[in-house]
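These are the residues of each chain, in order.
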Amino acid sequence: MKNNISHTVACPQRAGFDDGWSTTPHDQSILPARSQKGRGAVSNIDGRFERHIHQEVDDGWLGQLMEDAPPRTKTTLGIDGARSVITRNQSPDVPFDRSINPYRGCEHGCVYCFARPSHAYLGLSPGLDFETKLFWKPDAPTLLRKQLSARSYSPAPIVIGTNTDPYQPVDRDKQLTRSIIKVLSDCQHPFSLITKNGLVARDIDLIAPMAANNRASVAVSVTSLDHRLSNLLEPRASAPHRRLDAIRKLSDAGIPVTVLCAPIIPGLNDTEIENIVAACADAGARSVGHIVLRLPLEIANLFEEWLEAHYPDRKAKVISLIKQMRGGDIYQSEFGTRMRGTGPIADLIATRFKAARRKHGLDGRSLNLDCTGFKRPSADGQMSLF
């Protein structure tokens, strides 16, 4: 029997946000969120489109409740009935205009993930729902082939995994990402992968031949070399040494690897910048880039909850440093600054990365992949003779 009561409160402002106008005093009976082992988000806050917020309150059994471990939330997998698979973007902050995301939601549970707010469009929470209520696109290979077969389609590098990780744990069984790579390989269509999971090494047999013709590359995210910090930030992603091992295997197979040090969180992992770059260079990476922490929409509240749960002694300092990179705000969404930040803290981080790259001979990431070999498939899956 649960020893708490969940109640619903009408919310005139967006759920999960303090817009500065609320005059309701803090209710001491509201139970604090508690972290679950193996999950990144501490709570399941309501999305910004919901008309109500849900809160758990103490019904008099608080002492016993707080002694018990919170119940585990199981992962479920639904079907995403998308009718197209290639997503277009016009962002000046990224060097590509099209991408593929085989999954919605991500079991890696990275608390800082900028994709979390997208779950609100499904009426689900950007918190625990994002990492436990997943959706996959079983028709993605067929839809991809159909889109590539259109006479109006002009090839350009496709990046797989821009929103959620294409190699999250569920792909070990579904192998959806491998099926997508197979379609692109059959068509000789250039692609790049972004992941923080060592599972990417499974598909070296498909990626390496494409890379040999300058039609494939991989970007691996390395946030920290500290196993404890990595486990708390990214609870179901590959451990740091597994990612370095994947970089080494990919590099040994002739596949160009870029390392994304993302996000850099001042007061948490910024002390590791030089060590991360050195370790990745030693593993064979060809380039290294960085992105500072982004906290748009619901992620700001989720990250503050996470700090309170795991690093309460650093919370005030970390939040202060983040605001110093964002002109005094918790986040700035403007193109050109949202990924780099502004001010002395952001400038120092960029300078340290520049020096570390220079020391190890690593350049910037490039998506200058060869598109000239593209073979347009027919809609029924047969390749054209011409």
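We now turn to the structure provided with this report. Per-chain numbering applies: the sequence of each chain, read as written, is numbered from 1 onward. At least 70 in pLDDT is required for a residue's local features to be given in this predicted model, at least 80 for side-chain atom pairs to be given and counted, and no such filter applies to totals for whole chains, interfaces and linings, which use all residues. Hydrogens are left out, water is left out, and the side-chain values use all remaining heavy atoms of the structure.

We now examine the side chain of S221. Segments assigned H or I by DSSP are reported as helices when at least four residues long, segments assigned E as strands when at least two residues long, and all are numbered from the N terminus. Within the secondary structure, S221 sits in strand β10 (residues 216-221). Every residue in contact with S221, bar those within four places of it in the chain, is listed here: T195, K196, R243, L260 and A262. Pairs of residues are marked as contacts when any of their non-hydrogen atoms sit within 4.5 Å.

With that settled, consider the nonpolar core. Of all hydrophobic cores here, the largest spans 59 residues; its most connected members are L144, L148, I160, F191, L193, I207 and I247. With residues up to four places along the chain from it excluded, the contact list for I160 reads I100, P102, P166, I180, I181, L184, F191, S192, L193 and I194. Buried Ala, Val, Leu, Ile, Met, Phe, Trp, Tyr and Cys residues form a nonpolar core when they are joined through side-chain atoms within 4.5 Å. Three labels apply to residues, based on accessible area from a 1.4 Å probe with only protein chains included: buried if under 20% of the type maximum, exposed if over 50%, partly exposed otherwise in between.

A few words now on the pattern of salt bridges. Here, a salt bridge means any Lys or Arg side-chain nitrogen found within 4 Å of an Asp or Glu carboxyl oxygen. Under the defined criterion, the tally for this structure stands at 18 salt bridges. With a shortest N-O distance of 3.0 Å, D186 and K182 are connected by a salt bridge. Of this pair, D186 and K182 are both found in helix α5 (residues 176-187), 4 residues apart, which corresponds to roughly one turn of the helix. For D186, a relative accessible area of 35% gives the class partly exposed. Of the residues examined, K182 reaches a relative accessible area of 39% and is grouped as partly exposed. A salt bridge links K249 to D245; the nearest nitrogen and oxygen atoms lie 3.3 Å apart. Pair noted here: K249 and D245 are both in helix α8 (residues 240-252), with a separation of 4 residues, about one helical turn.

Take the packing of helix α9 (residues 273-283) against helix α12 (residues 343-360) next. Orientation is described by axes fitted as lines to C-alpha atoms, over the contacting stretch for helices, and by angles from 0 to 180 degrees between their N-to-C directions. Look at α9 against α12: their axes get within 9 Å of each other, and the N-to-C directions meet at 30 degrees. Overall, the two elements α9 and α12 adopt an arrangement that is roughly parallel. Crossing handedness for the pair α9 and α12: right-handed. Mapping the contact onto sequence places I273, E274, V277, A278 and A281 in α9 and I349, R352, F353, A356, R357 and H360 in α12. Grouping the constituent residues of the contact of α9 with α12 by class yields 7 nonpolar, 1 polar and 3 charged. Should an angle lie under 35 degrees it is considered roughly parallel, over 145 roughly antiparallel, and from 65 to 115 roughly perpendicular; all remaining angles are considered oblique. Here is the rule for handedness: rotate from the far helix to the near one, and if that takes an anticlockwise turn smaller than a right angle the crossing is left-handed, while a clockwise turn gives right-handed. Amino acids outside the nonpolar list (Ala, Val, Leu, Ile, Met, Phe, Trp, Tyr, Cys, Pro) and the charged list (Asp, Glu, Lys, Arg) are all regarded as polar, and Gly is one of them.

Its 13 residues give α8 an end-to-end C-alpha distance of 18 Å, which sits within 8% of 18 Å, the value for a rise of 1.5 Å per residue. Taken as a whole, α8 has its buried residues at P240, R243, L244, A246, I247, L250 and S251. Angular distribution of buried residues about the axis of α8 spans 155 degrees; they occupy a single face of the element. Looking at α8, the residues exposed on the side facing more than 90 degrees away from the buried face are R242 and D252. Working rule for helices: expected span equals 1.5 Å times residues minus one. Note: the arc covers the axis-to-C-beta directions of the helix.

Turning next to the sheet that holds strand β11 (residues 257-264). Pairing between strands requires that DSSP locate at least two bridges from one strand to the other. The sheet built from 7 strands is open, its strands ordered β4-β5-β8-β9-β10-β11-β12 with mixed pairing. Of all the strands in the sheet, the pair left with one neighbour each is β4 (86-88) and β12 (287-292). Neighbour-to-neighbour, the strand axes of the sheet open up by a mean angle of 25 degrees, direction not taken into account. In this sheet, strand β5 (residues 98-100) lies alongside β4 in antiparallel orientation, the contact comprising 3 bridges.

The mixed open sheet is built from 3 strands, whose spatial order is β3-β7-β6. Edge strands, defined here as strands with exactly one partner in the open sheet, are β3 (76-79) and β6 (103-104).

What counts as a disulfide here is a pair of cysteine sulfur atoms lying within 2.5 Å. If you walk through the whole model with that rule in mind, you get 0 disulfides. C261 provides the cysteine sulfur closest to C280, a residue in no disulfide bond, and the two sulfurs are 5.7 Å apart.

This is a description of form; function is not addressed.
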